[in-house]
Amino acid sequence: VQLQASGGGLVQAGESLRLSCVASVRTFSGYTMSWFRQAPGKEREFVAGIFRSGGSISYADSVKGRFTISKDNAKKTVYLQMNSLYSEDTAVYYCAVASRIILSSIRVPSSYEYWGRGTQVTVSS
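Residues numbered from 1 in each chain as written. Predicted model: local features only at pLDDT ≥ 70, side-chain atom pairs only at ≥ 80, totals over all residues. Heavy atoms only, no water.

Enquirer: So, the nonpolar core: which residues are in play, and what are the values?
Expert: Trp35, Val47, Phe67, Ile69, Leu80, Met82 and Tyr93 are the most contacted members of the largest nonpolar core, which totals 39 residues. Listing elements by their share of this core, those giving two or more residues are β1 (3–6), β3 (17–23), β4 (32–38), β5 (45–50), β7 (67–72), β8 (77–82), β9 (91–98) and β11 (119–124). Per-element accounting of this core gives the leading share, six residues, to β9. Setting aside residues up to four positions removed in sequence, Leu80 forms contacts with Leu17, Arg18, Leu19, Trp35, Val47, Ala48, Phe67, Thr68, Ile69 and Tyr93. (Core = buried A, V, L, I, M, F, W, Y, C linked by side-chain atoms within 4.5 Å. Buried < 20%, exposed > 50% of the residue type's maximum accessible area, 1.4 Å probe, protein only. Helix = DSSP H or I, 4+ residues; strand = E, 2+ residues; numbered from the N terminus. Contact = heavy atoms within 4.5 Å.)

Shown next as structure tokens:
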């Protein structure tokens, strides 16, 4: 499985970005797809995820109401629309895929088997 993330960049506070992650998997709908981020000197943290069965969606409290995760099964792509960006959102953003995960573990990085390389998001204040 390969994941290719894109869409990062440098924006000012209050602006928006949309990240995309294309997954080279056979049955895209059978995977849980999530976004994590890691800022310098900090641990990797969960941002948002779509669970494989039924598409339950989960967000970190810090992004709820500002970020929206979605996916296109035909394009095997998961998106992260990020609005009203803060400087605190500056990080490398990673997409991750899990084939065997329970919903309660969606926020746990070790639950995911595959990771993309990451895309840098920098928000200037």
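Enquirer: Please provide a residue-by-residue account of the sheet that holds β7, values included.
Expert: Reading across from one edge, β1-β3-β8-β7 is the order of the four strands in this open sheet, with antiparallel pairing throughout. Of all strands in the sheet, those bounded by a partner on one side alone are β1 and β7. Direction aside, neighbouring strands of the sheet carry axes that sit 15° apart on average. Both β3 and β8 contribute to a ladder of six bridges, which runs antiparallel. Bridge pairing in β8 links Ser20 to Tyr79. (Pairing = 2+ DSSP bridges. Axes fitted to C-alpha atoms, helices over the stretch in contact; angles between N-to-C directions.)

Enquirer: I'd like a rundown of unusual backbone geometry, residues and numbers included.
Expert: Phi is positive for Lys76, close to 55°, though the residue is something other than glycine. Within the secondary structure, Lys76 is located in the loop between β7 and β8. Taking the relative accessible area as the measure of exposure, Lys76 reaches 27% and is therefore partly exposed. One non-glycine residue, Ser84, lies in positive phi territory at about 50°. With respect to the helices, strands and loops of the structure, Ser84 is situated in the loop between β8 and β9. Residue Ser84 is classed as partly exposed on the basis of its relative accessible area of 36%.

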